[in-house]
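Structure at a glance
Residue strings, one per chain:
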Amino acid sequence: ITLSALTTAQIAATGKINAVATALTNWNNAQNARKTEFDTLATFSTQLLGALKATGAAKQTTDDFAFLVNKMRGGDGTKLTKADAGKISTNNNNSNPVETTTSKSTSQQSFDQKLEHFNKMILLLQNEASYAPNEVQFQVTTLNAKLALLNTVNDNANNAKSLLTSSRIDRNLFFYDTTNGILELVKKS
């Protein structure tokens, strides 16, 4: 253990810390870009539903599209009745068991699931013969371009997260590895 070896280790440690900081900044930027693109998707989907209804599409088609819009918003298409709402409880104050209703979240709000819903919407619109809006933003070609952009920002954010995770693992191994980590080197000196 020499001064030059410790200096080299310090330079390497600084590099590992800077790599994590850079990866974190890149991930934050990619995540912000993704959020910006996805934030308006639910509202835009509602506008698409209005455009579809204006074309005189069949009721079943508009109902199917409305179901996808509801999924995009985070709903499951069902509402709790008053009787069911009264059953949801875990315990009362006397610790006596009460009737409970278990529920499972059906919200499909991940970015990947929103992409899937939006893709299904586009496919539904492509297959509707009466759907030919004048507004450029609602035309199928524009929707496909929007889907491609959404896929790109989602992939960028996922890749940035992966790089951040790798940088953190690399840093942690460098510092805390039980045989060759910098912490073990310091303990020996």
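Residues numbered from 1 in each chain as written. Predicted model: local features only at pLDDT ≥ 70, side-chain atom pairs only at ≥ 80, totals over all residues. Heavy atoms only, no water.

1. Topic: the packing of helix 5 (residues 111–126) against helix 6 (residues 140–176)
Here is the rule: Helix axes are fitted to C-alpha atoms over the stretch in contact, other axes to C-alpha atoms as well, and angles between N-to-C directions run from 0 to 180 degrees. In this description a helix means any DSSP run of H or I spanning at least four residues, a strand means any run of E spanning at least two, and both kinds are numbered starting from the N terminus. Relative orientations are named as follows: roughly parallel for angles under 35 degrees, roughly antiparallel for angles over 145 degrees, roughly perpendicular for angles from 65 to 115 degrees, and oblique for any other angle. By definition, any crossing whose near helix is turned counterclockwise from its far helix by less than a right angle is left-handed, and any crossing with a clockwise turn is right-handed. Residue contacts follow a heavy-atom distance rule, with two residues in contact if any of their heavy atoms lie within 4.5 Å. Put simply, Ala, Val, Leu, Ile, Met, Phe, Trp, Tyr, Cys and Pro go in the nonpolar bin, Asp, Glu, Lys and Arg in the charged bin, and everything else, Gly too, in the polar bin.
Between helix 5 and helix 6, whose axes approach to 10 Å, the crossing angle comes to 165°. With respect to their mutual orientation, helix 5 and helix 6 come out roughly antiparallel. Helix 6 is crossed by helix 5, and the crossing has left-handed handedness. Residues Phe 111, Asp 112, Leu 115, Phe 118, Asn 119, Ile 122, Leu 125 and Gln 126 of helix 5 form the contact with helix 6, whose participating residues are Val 140, Leu 143, Asn 144, Lys 146, Leu 147, Leu 150, Asn 151, Asn 154 and Asn 158. Of the residues assigned to the contact of helix 5 with helix 6, the class counts are nine nonpolar, six polar and two charged.

2. Quick notes on the packing of aromatic side chains
Applicable threshold: Note on aromatic contacts: the rings of Phe and Tyr and the six-membered ring of Trp form a pair at centre separations within 6.5 Å, being stacked when their planes are under 30 degrees apart, edge-to-face when over 60 apart, and tilted otherwise. The buried label goes to any residue with under 20% of its type's maximum accessible area, the exposed label to any with over 50%, and the partly exposed label to all in between, with areas taken from a 1.4 Å probe on protein chains only.
Overall, the coordinates contain five aromatic pairs when judged by the stated rule. Measuring from ring centre to ring centre gives 6.0 Å for Phe 175 and Tyr 176, while their planes differ by 40°; the resulting arrangement is tilted. In this structure Phe 175 comes out as buried when scored by relative accessible area, which is 18%. On the accessibility criterion, Tyr 176 (54% relative accessible area) is exposed.

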